[in-house]
Amino acid sequence: MYPNLYYAFQDLFGVEIRFLRFVNSFGFFVALAFIAAAVVLTRELKRKEREGLLQPMEETITVGKPAGFSELLINFIIGFLFGYKIAGAYFLDASITDDTQAYIFSAEGHMPSGIILGLVFAGLRWWDKRKQMLPKPEQKKVRVWPHDRVGDMVIFAAIFGFAGAKVFHNLENWNEFVADPIGSLFSPSGLTFYGGLICAAVAIWYYAKKKGIHFWHLNDAAAPALMLAYALGRVGCQVSGDGDWGIVNNNPKPFSWIPDWAWAYNYPHNVNNEGVPIPGCVGQYCSQLPEAVYPTPLYETLMCLILFGMLMAMRKRIRIPGVLFSIYLIFNGMERFLIEKIRVNTTYSIMGFEPTQAELISGALVISGIVLWYWRRKLSSPEPGIRKPDRSAD
């Protein structure tokens, strides 16, 4: 296990780069997931634009203005934070920065580096705007296509997705949250995928409505991207050992060619420090599970990559808006519902049943997907003998 990239580079290449202590393995793969999703979403939106299914929106912008105070201030703050914390890792004593999580959320840092980098960021912004200045600022009308807004949508997805994932995790583990509210909120681990999916979806749909992006075509374009993002995100869970593992697996391997770690794994050096001490280990992450468990993040990665391929293969054949997204909901719900059977999770007691939060939500997604699939197909299928207006783009 590699809690952050420092340990990965140390183990794989024999080099120690202190800066990499701040690149959490889980966060690294989540960033890759967002990038991959943005690439797939952009390509799908462009394809729909070429087919005439999505149209641009005209917006008025002002060009030739100098950098405003708020722009310079925001860039200074961003640069200051980078310099204060990240550059501080090089200049401060190792005893302060060894515990990366505690250092990040502490008031410790290197003030001169923060001020210098803040001024550099603000200065670059001022210089960039100065090069574009005109004697008199002008207003222009530009056409903004849906694919031009993918960057904004990714930012919305990141902010609301992480917030939703953290909120849903704390609701699912209420006793832990009550015992340590601050620690639970700011812990780098403890994220519930469905919480992030729901909150990010609401934020992006609201943004798309304001920008005139067709609701169902956006959903269809996002379906393969969401599946791929989930698959890559689970790689981060597996590599860091963030607690999303399965139940104890003492069963013999069904096939000899399966690696031991792919069948039953005890997650040594996991980022949560769960389990028992590793003999002879010295450092921050020196725990492993006492018994090997199913590596469920690995299984989810493999399953979702297959489902991603299936969605990509059928996306051009489905012409009814919303149907591909309904299939994504069914695939997503079925995959998660099945994996919950061998995954460690908190259960609820409901009328004699003890489902997990993920089982409840995944079941709802499957039902929603089936209902949506039937509804969208019905809207586009006129009754015999009756010429029904095309409502597939509603």
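Structure: see above.
Below is a summary of the structure that appears in this document. (Residues numbered from 1 in each chain as written. Predicted model: local features only at pLDDT ≥ 70, side-chain atom pairs only at ≥ 80, totals over all residues. Heavy atoms only, no water.)

**Here we look at the overall build of the chain**
Part 1 of the argument: Counting its regular elements, the chain contains 15 helices and four strands.
Part 2 of the argument: For the chain, the proportion of its 394 residues judged to be buried stands at 43%.
Part 3 of the argument: Residue pairs in contact within the chain that sit at least 24 positions apart in sequence constitute 73% of those at least 6 positions apart.
Part 4 of the argument: Accessible area for the chain stands at about 21800 Å²; split by element, carbon and sulfur atoms hold 66% of it. (Helix = DSSP H or I, 4+ residues; strand = E, 2+ residues; numbered from the N terminus. Buried < 20%, exposed > 50% of the residue type's maximum accessible area, 1.4 Å probe, protein only. Contact = heavy atoms within 4.5 Å. Areas by Shrake-Rupley, 256 points an atom, 1.4 Å probe, with all protein chains shown as cover.)

**Some words on the packing of helix α2 (residues 25-50) against helix α11 (residues 215-240)**
Part 1 of the argument: At a closest axis distance of 8 Å, the pairing of α2 and α11 adopts a crossing angle of 165°. As summarised for this structure, α2 and α11 are arranged roughly antiparallel, according to the angle between their axes. As for the relative orientation of α2 and α11, their crossing is right-handed in sense.
Part 2 of the argument: Across the contact of α2 with α11, the residue classes break down as 20 nonpolar, five polar and three charged. (Axes fitted to C-alpha atoms, helices over the stretch in contact; angles between N-to-C directions. Parallel < 35°, antiparallel > 145°, perpendicular 65-115°, else oblique. Left-handed = near helix turned anticlockwise from the far one by under 90°. Nonpolar A, V, L, I, M, F, W, Y, C, P; charged D, E, K, R; others polar.)

**Details of the packing of aromatic side chains**
Part 1 of the argument: Counted according to the given criterion, the structure contains 20 aromatic pairs.
Part 2 of the argument: Look at F215 and W216: their rings are 4.6 Å apart centre to centre, the planes differ by 80°, and that puts the pair in the edge-to-face class.
Part 3 of the argument: Given the relative accessible area of 36%, F215 is considered partly exposed.
Part 4 of the argument: Taking relative accessible area as the criterion, W216 reaches 11% and is therefore assigned buried. (Phe/Tyr/Trp six-rings, centres within 6.5 Å; stacked < 30°, edge-to-face > 60°.)

**Overview of the state of the cysteines**
Part 1 of the argument: Enumeration according to the criterion identifies one disulfide in this entry.
Part 2 of the argument: Between the sulfur atoms of C281 and its disulfide partner C286 the distance amounts to 2.1 Å. On the S-S bond that ties C281 to C286, the torsion sits near -65°, and the link is left-handed.
Part 3 of the argument: On the basis of relative accessibility, which here comes to 24%, the residue C281 falls in the partly exposed class. (Disulfide = S-S within 2.5 Å.)

**Quick notes on the pattern of salt bridges**
A side chain with one charge may pair with a side chain of the opposite charge, provided their charged atoms come close.
Part 1 of the argument: What the rule picks out here adds up to 15 salt bridges.
Part 2 of the argument: E44 serves as the salt-bridge partner of R47, at 2.8 Å between the closest nitrogen and oxygen. Residue R47 and its partner E44 are both found in helix α2; the two are separated by three residues, about one turn of the helix.
Part 3 of the argument: Here R125 ties to E71 by a salt bridge, and the two come within 2.7 Å at their closest N and O atoms. Note that R125 is positioned in helix α6 (residues 111-131) and E71 in helix α3 (residues 69-91), a separation of 54 residues in sequence.
Part 4 of the argument: Residue class for R125 comes out partly exposed when judged on its relative accessible area of 28%.
Part 5 of the argument: The network of salt bridges with shared partners includes R234, D244, E300, R336, E340 and R343. (Salt bridge = Lys/Arg side-chain N within 4 Å of Asp/Glu carboxyl O.)

**Topic: the side chain of S326**
Part 1 of the argument: Checked against the element boundaries, S326 lands in helix α14 (residues 323-339).
Part 2 of the argument: Look past the residues within four positions of S326 in its chain and what remains in contact with it is G369, L372 and W373.

**Examining the nonpolar core**
Part 1 of the argument: The biggest cluster of nonpolar side chains holds 44 residues, and the ones touching the most others in it are L41, L45, M153, L218, M227 and Y328.
Part 2 of the argument: Looking at which element gives the most residues to this core, the answer is α11, with 11 residues.
Part 3 of the argument: The contacts of L45, once residues within four sequence positions are left out, are L54, P146, H147, V150, M153, L218 and A221.
Part 4 of the argument: Counting eight residues, the second-largest nonpolar core is a separate cluster that includes W263, A264, Y299 and I339. (Core = buried A, V, L, I, M, F, W, Y, C linked by side-chain atoms within 4.5 Å.)

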